[in-house]
Amino acid sequence: MTRQLKELMHEATDRAAFSPDIDQLLTTGRRQTRKRRLLAACTAAASVAIVAGGTVFALDTTRGAAPAPADQSAEVGSSGLCADSSGQGLDARTWPAVLYVQDTYGISSVHRSAKTVAFCTTEWGDGAKRSVVPGTGRVVVRKSSAVGRGLTEPGSVTTVFGVAPAGVQRVTVETSDGHVGVATIKGGYFAYRRVEKTPWPGPLSPVIVRYKLPGLPEQVMPQR
Amino acid sequence: MKSQSEHDYVNFVTHHANGLCNTAYLLCGDWRRAEDATQEALLKLYRSWPRLQRNGAIGAYARKVVVSTTLDTFRRRSSTEVVGGETYFSSTADPADPMGRLESRLLIVQALAELPTRQRACLVLRYFDELSVSETAEALGCSTGTVKSQTLRALEKLRLNPAFADLNDFAGLGG
């Protein structure tokens, strides 16, 4: 009966006991665990980037030409991934993307719906709109975290968004560390990211935005 | 994994690896393949060890992983391959002597090899590992009804095997 069947099976397996190489098991197990954790971290980072790509800030599209120096004071208006130009949080992740820029710490993107334009960053920032001269132009600055990945000092990412003047050839952004970089222009908007050695959370870093129109000297984008 | 947790894992492996390997052997009929499958299953167990320690039922999970790993390995190979291989059973005893064959330790493995995979797994888990019907169903990821019917069919086939003709009737023990 079943007892006999069991005895037969036990007879069939009667041999020197199997003893696996414990050290090899532990070594391989640890290595595989490390790989899985790394993979999980990468997957999580990618997911965050995708979600953040959908967050947006709305931006008023008033434009002007009166140049003015950038306001260096810190203005905190938003604590969300996506917000409009006034710092009002938006759930704009499903809106069509106009453009995006990215670095190792995340993505900043511009999205728009039928009536609203929004700026997004992948990290929760404490900065939002930088006030501008009404009717002349507008720049949105956000600040987000930058951690690890070779950064040994406190760091943050300053993102500068704005409306690109019609026919503009180039938009440059000068950040507080004196670096001048070229912004990405697409769909009538520009965006620029700069990793700085300034703590996050913390006050917004001052920026100066310049743009170049054909046949005209470079001008500073107005900010209040 | 924390050192204490790893110590527990080593203890588990030390005490259960051989039993798991025996189960794998009866499922695949090849010691080398059984050892490989057990090793692979133990690695999977290592990765899940912290969670298993929190949730319990380590033994059941280990057996489930060994069974699935062994059967997966078997599936990954040729679908026409006979468990244990043709040459593996060449040392079976004289067919003219049924009792002599019965004494052969390979005979049961050969008989198991002739069973469909799930029937074989049901027999091994039910009568070698002495699992209940529900535990067997859990290990195989199927219903208890399937376990009962597969076990019954397996026993009927074994009963028809000439080598086991002198044994008591296995049939009717599927439940």
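Our structure is the block above this text.
Computed from a prediction, not measured in an experiment: that's the story for all the values here.

Student: Sorry if this is basic, but what is going on with the packing of helix α6 (residues 117-128) of chain B against helix α7 (residues 133-140) of chain B here?
Tutor: Two numbers describe a pair of packed helices, the interaxial angle and the distance between the axes. All names here are of chain B. The N-to-C vectors of α6 and α7 enclose an angle of 135 degrees; their axes lie 10 Å apart at closest approach. One element, α6, and the other, α7, form an angle in the oblique class. In the crossing of α6 with α7, the sense of the turn from one axis to the other is right-handed. On α7, the residues that touch R118, A121, C122, L125 and R126 of α6 are T136, A139 and L140. When the residues that make up the contact of α6 with α7 are grouped by side-chain class, the tally is 5 nonpolar, 1 polar and 2 charged.

Student: Before we go on, may I ask you to explain the sheet that holds strand β8 (residues 170-174) of chain A in this structure?
Tutor: Residue and element names in this part refer to chain A. Spatially, 4 strands are ordered β9-β8-β12-β13 in an open sheet, and the strand pairing comes out antiparallel. A single partner strand is all that each edge strand has here, and the edge strands are β9 (180-182) and β13 (219-220). Bridge count between β8 and strand β12 (residues 208-212): 5 bridges; the pairing is antiparallel. Within β12, the residue paired with V171 across the bridge is Y211.

Student: How should I be thinking about the nonpolar core in this particular structure?
Tutor: Here is a general trend for soluble globular proteins: nonpolar side chains tend to be buried in one another's company. Residues M9(A), A24(B), L26(B), A41(B), V66(B), I108(B) and L112(B) are the most contacted members of the largest nonpolar core, which totals 51 residues. Contributing elements (two or more residues each) for this core: α1 (2-12) of chain A together with α1 (3-28), α2 (31-55), α3 (58-76), α5 (107-113), α6, α7 and α8 (144-160) of chain B. The element best represented in this core is α1(B), accounting for 10 residues. Residues from two domains meet in this core; each of domain 1 (1-78) and domain 2 (92-163) of chain B gives at least three. Apart from the residues lying within four places of it in its own chain, the contact partners of A24(B) are A34(B), A37(B), T38(B), V66(B) and T70(B). Counting residues in hydrophobic clusters, the runner-up holds 32 residues, among them V110(A), V160(A), V171(A) and A183(A).

Student: Explanation requested: the pairing of strand β3 (residues 106-112) of chain A in the structure shown.
Tutor: Where a strand is regular, its side chains alternate between the two sheet faces. All names here are of chain A. Taken across its 7 residues, β3 has 7 buried, putting it largely inside the fold. On β3, burial covers both faces: G106, S108, V110 and R112 on one face and I107, S109 and H111 on the other are all buried. Alignment of strand β2 (residues 97-103) against β3, held across 6 bridges, turns out to be antiparallel. Bridging from a neighbouring strand, Y100 pairs with S109 of β3. Between the end of β2 and the start of β3, which pair antiparallel, lie 2 residues. With 5 bridges joining them, β3 and strand β4 (residues 117-121) adopt antiparallel strand pairing. Bridging from a neighbouring strand, H111 pairs with A118 of β4. Linkage of β3 to β4, two consecutive antiparallel strands, is achieved through a turn of 4 residues.

Procedures and definitions
Residues numbered from 1 in each chain as written. Chains lettered and ligands numbered in written order. Predicted model: local features only at pLDDT ≥ 70, side-chain atom pairs only at ≥ 80, totals over all residues. Axes fitted to C-alpha atoms, helices over the stretch in contact; angles between N-to-C directions. Helix = DSSP H or I, 4+ residues; strand = E, 2+ residues; numbered from the N terminus. Parallel < 35°, antiparallel > 145°, perpendicular 65-115°, else oblique. Left-handed = near helix turned anticlockwise from the far one by under 90°. Contact = placed C-beta atoms within 7 Å. Nonpolar A, V, L, I, M, F, W, Y, C, P; charged D, E, K, R; others polar. Pairing = 2+ DSSP bridges. Core = buried A, V, L, I, M, F, W, Y, C linked by C-beta atoms within 7 Å. Buried ≥ 20, exposed ≤ 12 C-beta atoms within 10 Å, placed from the backbone. Domains from an automatic or database assignment.

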